[in-house]
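What the coordinates show
Each chain, written out:
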Amino acid sequence: DAAPPEGQQTILTISCGNSHIHWATHDISSSPNNNNNANEFAPSLFWRTPHINDDDMKDGTSPAMILSRMLPESIHDYIFGAAASDTSNNV
């Protein structure tokens, strides 16, 4: 049940470490056996960011906007669309 649904092409994983948030995308379609075995999902892109703190949430900043700012451009465009900027009007 922990495997992605059949037909899912990409998954995003987020892991909170002691000093950073570790992010990764996994391209399921390029897995060696492509049989939805979670053990085969090597990351296709990974990055890390600092933890979110109280200053990140100031002035009513939306969680989607904070997420948007933490994503690499290609992943931001995949999730929010290529035309979207990281402003609250677009997330």
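Calculation rules
Residues numbered from 1 in each chain as written. Predicted model: local features only at pLDDT ≥ 70, side-chain atom pairs only at ≥ 80, totals over all residues. Heavy atoms only, no water. Core = buried A, V, L, I, M, F, W, Y, C linked by side-chain atoms within 4.5 Å. Buried < 20%, exposed > 50% of the residue type's maximum accessible area, 1.4 Å probe, protein only. Helix = DSSP H or I, 4+ residues; strand = E, 2+ residues; numbered from the N terminus. Contact = heavy atoms within 4.5 Å.

**Focus on the nonpolar core**
Of all hydrophobic cores here, the largest spans seven residues; its members are Ile-21, Trp-23, Trp-47, Ile-66, Met-70, Leu-71 and Ile-75. At the level of elements, strand 2 (20-27) and helix 1 (63-70) are the ones that each hand at least two residues to this core. In this structure, Ile-21 is in contact with Ile-14, Ser-15, Cys-16, Trp-47, Arg-48, Thr-49, Pro-50, His-51 and Ile-52, ignoring residues within four places of it in sequence.

**A short note on helix 1**
Within helix 1, the full set of buried residues consists of Met-65, Ile-66, Ser-68 and Met-70. Its buried side turned inward, helix 1 meets strand 2, strand 3 (45-50) and helix 2 (73-80).

**A closer look at the environment of Gly-17**
Within the secondary structure, Gly-17 sits in the loop between strand 1 (10-16) and strand 2. Here the alpha-carbon distance between Gly-17 and Pro-50, two residues 33 residues apart in the chain, equals 9.6 Å. Those residues in contact with Gly-17, other than ones at most four positions away along the chain, are His-22 and His-51.

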